[in-house]
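The lines below spell out each chain.
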Amino acid sequence: GQSACLELGGKNPLVVMPDADLDLAVEGALFSGFGTAGQRCTSLGTAIVHESIHGEFVRRLTAAVEEAPVGDPSQEVLYGPMIHERFAERFEDWLGLVRDHHTVSGSAGTGRITGDNPRPGFVGDPDAGIYCHPTIVDGVTRDDELYSTETFGPIIGVATFSDFDEAMELANGHGYGLSSAVYTNDPKSAFRFRERVTAGMVSVNNSTSGAEAHLPFGGNGKSGNGSRQSGIWVLEQFTRWQSMNWDYAGKLQKAQM
């Protein structure tokens, strides 16, 4: 809800237009969806992909996630453990939102990575921390709880759109408005997206993750901390303007009349 950024995240849309550089879009989805195990306020929630490239996008993303090293954070890995046991427990709740019409991919299993539920190529000892399988959920629709629920962990949804209006309905329909991204090589699509998306941050051909601290960052809708208290704009929050003039001429000045 109207929580601080550090508490929850992961309802940030990434729209992939039919003219997008697919490899770049996949790289952006991989990083923003699974970097830091999805434990960022700006983590990817749902990739919204045009129907003409949906199948190929999912194929490439699945391969990238399956090949990504996961495990010991002191090594070269995509992500390490969950922050706390309670987040791993909540992650199990979000996995419970997967329905029969969804297709799950990304790893050899779901939930916590253990000796009995292994992840191929895991780096280090899975029992040395609380690690979770990366999970891609394809076939997400606007009616799904997974679409409208803010998640926090290595799970992303993939939805399909046929026209730009449908893409924007999916990008805005959940009511959160922290970060967003669009992948396209058409400037018209980029500016149309910026004009209509409700998110406070917009990236073009870049991931949803990351915030610019010098900008008025705070999120819109149900996201963020409910303010814009960062950057030089914060001065407006705590000060008031006042003008003063002091004349040395010794006679009335009429320049402002």
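One can find the structure itself at the top, above this paragraph.
Residues numbered from 1 in each chain as written. Predicted model: local features only at pLDDT ≥ 70, side-chain atom pairs only at ≥ 80, totals over all residues. Heavy atoms only, no water.

Draft legend 1. Highlighting the packing of aromatic side chains. According to the stated counting rule, one finds three aromatic pairs in the structure shown. Look at Phe87 and Phe152: their rings are 4.9 Å apart centre to centre, the planes differ by 45 degrees, and that puts the pair in the tilted class. Residue Phe87 is found in helix H3 (residues 85-95), and its partner Phe152 is found in the loop between helix H4 (145-148) and strand S5 (155-161); the two are separated by 65 residues along the sequence. Comparing Phe87 with Phe152, the two get one shared label, buried. Note on Phe122 and Tyr131: the rings are 4.9 Å apart at their centroids and 80 degrees apart in plane angle, and the pair reads as edge-to-face. Here the two residues Phe122 and Tyr131 agree in accessibility, since each one is buried. Positioned above the aromatic ring of Phe164 is the side chain of Arg192, whose terminal nitrogen or guanidinium carbon lies 4.0 Å from the ring centre. (Phe/Tyr/Trp six-rings, centres within 6.5 Å; stacked < 30°, edge-to-face > 60°. Helix = DSSP H or I, 4+ residues; strand = E, 2+ residues; numbered from the N terminus. Buried < 20%, exposed > 50% of the residue type's maximum accessible area, 1.4 Å probe, protein only. Lys NZ or Arg CZ within 6 Å of the ring centre and 35° of its normal.)

Draft legend 2. Representation of the pattern of salt bridges. According to the stated counting rule, one finds seven salt bridges in the structure shown. The residue Glu56 makes a salt bridge to Arg59 at a minimum N-O spacing of 2.5 Å. Placement of both Glu56 and Arg59 in helix H2 (residues 54-67) is noted, with a separation of three residues, approximately one turn of the helix. Assessed through its relative accessible area of 27%, Glu56 is described here as partly exposed. Between Glu145 and Arg99 there is a salt bridge, with its nearest N and O atoms 2.7 Å apart. Here Glu145, found in helix H4, pairs with Arg99, found in the loop between H3 and strand S3 (103-105); they are 46 residues apart in sequence, far enough to count as distant. Overall, Arg99 belongs to the partly exposed group, its relative accessible area being 35%. Residues joined by salt bridges that share partners form a network here, namely Asp23, Glu56, Arg59 and Arg60. (Salt bridge = Lys/Arg side-chain N within 4 Å of Asp/Glu carboxyl O.)

Draft legend 3. Focus on the side chain of Asp144. Position of Asp144 relative to the elements: it lies in the loop between strand S4 (135-138) and H4. Looking at Asp144, its side chain comes within polar contact range of the side chain of His102, at 2.7 Å. Excluding residues within four positions of it along the chain, Asp144 makes contact with His101, His102 and Gly139. (Polar contact = N/O pair within 3.5 Å; in protein donor to acceptor, adjacent residues only side chain to side chain. Contact = heavy atoms within 4.5 Å.)

Draft legend 4. Representation of the sheet that holds strand S1 (residues 12-16). The strand order across the open sheet built from seven strands is S3-S4-S5-S2-S1-S7-S8, with neighbouring strands paired in mixed fashion. Of all the strands in the sheet, the pair left with one neighbour each is S3 and strand S8 (201-204). Neighbour to neighbour, the strand axes of the sheet diverge by 20 degrees on average, direction disregarded. Inspection of the sheet shows strand S2 (residues 44-50) paired to S5 by five bridges, in the parallel sense. Directly across from Ala47, in S5, lies its bridge partner Val158. The strands touched by helix H5 (residues 164-172) within the sheet are S1, S2 and S5, with S5 carrying the most contacts at an inclination of about 155 degrees. (Pairing = 2+ DSSP bridges. Axes fitted to C-alpha atoms, helices over the stretch in contact; angles between N-to-C directions.)

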